[in-house]
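Each chain, letter by letter, is given below.
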Amino acid sequence: QVQLQESGPGLVSPSQTVSLTCTVSGGSITTTGFYYAWIRQPPGKGLERIGYILFSGITDVTAAHGNRMSISRDTSKNQFSLQLRSVTPEDTAMYYCARLSNVQWSIMRRGVGDWGQGTQVTVSS
């Protein structure tokens, strides 16, 4: 059974760079057919797609976030990461990693696909 677990610093200051890591067990991040994805959910808002990395290492970050966020991976550790630069309080959210098929990426519900529990990122004012 595939499991994903996020880790991050929790509380950060504005303008800092934040790195979040997703550790995957029970399945290789080089397995084809999945988006290894980052999604966030600000307080009181819905799930917001950030982007993903594919089995090949190709990444795709949404246009809304591509200027400040990037995704990378470490295949030796079966991990993929999200880097957020120049964070502001508007970046405060629960950040999830997930392994999603194409249709699951389109559906974008936590009960569909394999999701981590999330890691809270709070950017202080």
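All of the points below concern the structure found in this document.

## Considerations on the pattern of salt bridges
A side chain of one charge can pair with a side chain of the opposite charge when the charged atoms of the two come close.
At step 1: Applying the stated criterion across every chain, the model contains four salt bridges.
At step 2: With its nearest N and O atoms 2.9 Å apart, the salt bridge here joins Arg40 to Asp91. Here the residue Arg40 occupies a position in strand β4 (residues 35-41), and Asp91 occupies one in the loop between β8 (79-84) and β9 (93-100), the gap between them amounting to 51 residues. Neither residue differs from the other here; Arg40 and Asp91 are each classed as buried.
At step 3: Here the residues in one salt-bridge network are Arg40, Glu48, Arg68 and Asp91, joined through shared partners.

## Quick word on the packing of aromatic side chains
At step 1: Following the criterion strictly, the structure yields seven aromatic pairs and no others.
At step 2: When the centroid spacing of 6.1 Å and the interplanar angle of 70 degrees are considered together, the rings of Tyr36 and Phe80 count as edge-to-face. Taken together, the residues Tyr36 in strand β4 and Phe80 in strand β8 connect sequence positions 44 residues apart.
At step 3: Following the ring pairs from residue to residue traces out a cluster consisting of Phe34, Tyr36, Trp38 and Phe80.

Procedures and definitions
Residues numbered from 1 in each chain as written. Predicted model: local features only at pLDDT ≥ 70, side-chain atom pairs only at ≥ 80, totals over all residues. Heavy atoms only, no water. Salt bridge = Lys/Arg side-chain N within 4 Å of Asp/Glu carboxyl O. Helix = DSSP H or I, 4+ residues; strand = E, 2+ residues; numbered from the N terminus. Buried < 20%, exposed > 50% of the residue type's maximum accessible area, 1.4 Å probe, protein only. Phe/Tyr/Trp six-rings, centres within 6.5 Å; stacked < 30°, edge-to-face > 60°.

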